[in-house]
Amino acid sequence: MSTSVVFLLSLIAGPSLAVADTKGLPKQKVTFSSFFDGKNENLIDSGWSQCQMDITWSVDTDALAPKVASREIRRLNSAFEQWSDATGLNFRFTGTDHMTYSTSTNQLTSETMPREDHIAVAFLPARMSPLLSENVYGFGMPTSVIASTRTIVAGAMVVKAEIARSKTRSAPNVLDNLYLHELGHVMGLGHVKDSRSIMNPIIHKLTELSPGERSGAQSVTKLCN
Ligand SMILES: [Zn+2]
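Novice: Just checking my understanding: could you explain the overall build of the protein chain for this structure?
Specialist: When you go through the protein chain residue by residue, the secondary structure sums to four helices and nine strands. Across the protein chain, helices and strands are ordered from the amino to the carboxyl terminus as β-β-β-α-β-β-β-β-β-β-α-α-α. Taking all 225 residues of the protein chain together, the buried fraction comes to 43%. Considering only intrachain contacts with a sequence separation of at least 6, the fraction spanning at least 24 residues in the protein chain is 75%.

Novice: Honestly, the packing of helix H1 (residues 66-87) against helix H3 (residues 171-187) in this entry has me stumped. Any pointers?
Specialist: The geometry of a pair of packed helices is captured by two quantities: the angle between their axes and the separation between those axes. Following both chains from N to C, one finds H1 and H3 inclined at 45 degrees, their axes separated by 9 Å at the closest point. Here H1 lies oblique to H3, going by the angle between them. Between H1 and H3 the crossing geometry is right-handed. For the pair formed by H1 and H3, the contact residues are Arg75, Leu76, Ala79, Phe80, Gln82, Trp83 and Thr87 on the first element and Leu175, Asp176, Tyr179, Leu180, Leu183 and Met187 on the second. Broken down by class, the residue content of the contact of H1 with H3 amounts to nine nonpolar, two polar and two charged.

Novice: Whenever I open this one, the nonpolar core confuses me. Can you help?
Specialist: Side chains of a nonpolar character, in soluble globular proteins, are inclined to be buried together. Ranked by internal contacts, the top residues of the largest apolar core, which has 57 residues, are Ala120, Val121, Ala122, Met157, Leu183 and Met187. Listed by contribution, the elements that provide at least two residues to this core are strand E3 (55-60), H1, strand E7 (118-124), strand E8 (136-146), strand E9 (151-160), helix H2 (161-165), H3 and helix H4 (211-220). Among the elements that make up this core, the one with the highest residue count is H3 (eight residues).

Novice: Where do I start with the confidence of the model for the protein chain in this structure?
Specialist: Note: predicted coordinates in regions of low pLDDT should not be interpreted at a detailed level. For the protein chain, mean pLDDT is 86; residues scoring 70 or higher make up 85% of the total. Predicted confidence for residues 13-23 stays below pLDDT 50, and this span has 19 contacts to residues more than four positions away or in other chains.

Novice: I keep staring at the pairing of E7 and nothing clicks. Help me out?
Specialist: Burial analysis of E7 places seven of its seven residues in the buried class, which makes it a mostly covered element. The alternating pattern of E7 places His118, Ala120, Ala122 and Leu124 and Ile119, Val121 and Phe123 on opposite faces, both of which are buried. Alignment of E3 against E7, held across five bridges, turns out to be parallel. Across the sheet, residue Ser58 finds its bridge partner in E7, namely Ala120. Pairing of E7 with E9, which is carried by seven bridges, proceeds in the parallel orientation. Pairing of Leu124 across the sheet is with Lys160, part of E9.

Novice: What is the right way to read the packing of H1 against H4 from this model?
Specialist: Between H1 and H4, whose axes approach to 8 Å, the crossing angle comes to 60 degrees. Of the possible angle classes, the one that applies to H1 and H4 is oblique. Classified by chirality, the crossing of H4 by H1 is right-handed. Between H1, through Trp83, Ala86 and Thr87, and H4, the contact on the second element is made entirely by Arg214, Ala217 and Gln218. Per-class residue counts for the contact of H1 with H4 are three nonpolar, two polar and one charged.

Novice: I tried to follow the environment of Val68 on my own but got confused; where do I start?
Specialist: Relative to the helices and strands, Val68 resides in helix H1. On the neighbour-count criterion, Val68 (17 C-beta atoms within 10 Å) is partly exposed. Not counting residues within four places of it along the chain, the set of residues in contact with Val68 comprises Ala164 and Arg165.

Novice: I tried to follow the environment of Val153 on my own but got confused; where do I start?
Specialist: Checked against the element boundaries, Val153 lands in strand E9. Classification of Val153 by C-beta neighbours within 10 Å gives buried; the count is 23. Note: C-alpha distance between Val153 and Pro142 (11 residues apart in sequence) is 7.8 Å.

About the cut-offs
Residues numbered from 1 in each chain as written. Predicted model: local features only at pLDDT ≥ 70, side-chain atom pairs only at ≥ 80, totals over all residues. Helix = DSSP H or I, 4+ residues; strand = E, 2+ residues; numbered from the N terminus. Buried ≥ 20, exposed ≤ 12 C-beta atoms within 10 Å, placed from the backbone. Contact = placed C-beta atoms within 7 Å. Axes fitted to C-alpha atoms, helices over the stretch in contact; angles between N-to-C directions. Parallel < 35°, antiparallel > 145°, perpendicular 65-115°, else oblique. Left-handed = near helix turned anticlockwise from the far one by under 90°. Nonpolar A, V, L, I, M, F, W, Y, C, P; charged D, E, K, R; others polar. Core = buried A, V, L, I, M, F, W, Y, C linked by C-beta atoms within 7 Å. pLDDT = per-residue confidence, 0-100. Pairing = 2+ DSSP bridges.

Below, the structure is given as structure tokens:
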């Protein structure tokens, strides 16, 4: 039996795009937090399970030109691969979909989308969501959790379409950082203060998961016994 929960959203902030200066900083501590820290005590350390053999994801790219859409699908795929490597989970892309976004629940739905073992991704123009204010580039979250086992069974990620369309030179690293970050929330991770971590709420143009979120992801992901 699943329990659907509407969560507080965890937003990634921009456009503070200063690259983190890692020189002279102490050695990075391996730290992470649960998405549910400070939000829902009963769900802290919820994560996906390796028993979920077929976790699918689909994307709504209606707001993007076809060329941009294929480029961003490739980029998303790389972000999913990094998280797959960190968690031992497998993610399978099922294609594009036409999704409906609800401003009241912030959920993405479609007629064909599975309700479980699925991650919905959508590129939305800023005007479609009041959450996509000027310095917010996207948001991501688990959308359904089996409370008794703290197993996440569905997630959603929204990206501001204007950011994906941007042709500025910084855009590729910004998007890599953004996708990894929002998927980190979908995996069950919360924010950390270390600016060398993908889960820092500011974009530092990071393109690789750090040891912190790798161990965090391993810690919340349930093994299949
Ligand atoms: Zn965030």
